[in-house]
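What the coordinates show
The residues making up each chain are set out below.
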Amino acid sequence: MQKATIQLETLSCPSCMQKIENAVKGINGVHQGSLKVLFNASKVKVDFDSDAVAINDIEKSIEDLGYPVVKSKVKPA
């Protein structure tokens with residue numbers, strides 16, 4: 001299990017949080033209980049199983065919604 005903090009460009013509306021949360025929760029390998037979308041900080045914090053999903057896949061699911069990823073930090077959980 002790994003922990004990721006994904007920095008996004010500024011989120012402009014609370015509904016953005018819900019869209020991102022729903023997309024990331026639907027990814028196989030993401031620990032749903034750990035997922036936090038921080039509106040004011042424009043960050044996503046999530047734990048994931050790196051054997052099941054790569055950070056690139058999580059970033060792509062967010063970017064496919066139209067929210068650019070600025071950078072990601074991954075560390076062991």
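Residues numbered from 1 in each chain as written. Predicted model: local features only at pLDDT ≥ 70, side-chain atom pairs only at ≥ 80, totals over all residues. Heavy atoms only, no water.

**Some thoughts on the UniProt feature "domain: HMA" (unreviewed entry) in the protein**
Per the UniProt entry, the sites bearing "domain: HMA" (unreviewed entry) are residues 2-70 in this numbering. Across residues 2-70, helical content stands at 30% and strand content at 35%; the span's end C-alpha atoms are separated by 19 Å. (UniProt positions renumbered as here; feature names shortened; annotations may be inferred. Helix = DSSP H or I, 4+ residues; strand = E, 2+ residues; numbered from the N terminus.)

**As for the sheet that holds strand E1 (residues 2-8)**
Strand pairing in a sheet takes place through backbone hydrogen bonds and is either antiparallel or parallel in direction. Spatial strand order, E2-E3-E1-E4: four strands in an open sheet with antiparallel pairing. This sheet does not close on itself; its edge strands, each paired only once, are strand E2 (30-38) and strand E4 (69-76). Across this sheet, the average inter-strand angle for adjacent strands is 15 degrees, counted without regard to direction. Relative to strand E3 (residues 43-48), E2 is paired through five bridges, and the arrangement is antiparallel. Each residue of the ladder has a partner; that of His31, found in E3, is Asp47. The sheet contacts of helix H2 (residues 55-63) involve E1, E2, E3 and E4, and relative to E4 the element is tilted by about 150 degrees. (Pairing = 2+ DSSP bridges. Axes fitted to C-alpha atoms, helices over the stretch in contact; angles between N-to-C directions. Contact = heavy atoms within 4.5 Å.)

**Details of the pattern of salt bridges**
Evaluated as defined, the whole model comprises three salt bridges. One salt bridge in this structure joins Lys3 and Asp47, with 3.5 Å as the shortest N-O distance. Taken together, the residues Lys3 in strand E1 and Asp47 in strand E3 connect sequence positions 44 residues apart. Judged by relative accessible area, which is 36%, Lys3 ranks as partly exposed. (Salt bridge = Lys/Arg side-chain N within 4 Å of Asp/Glu carboxyl O. Buried < 20%, exposed > 50% of the residue type's maximum accessible area, 1.4 Å probe, protein only.)

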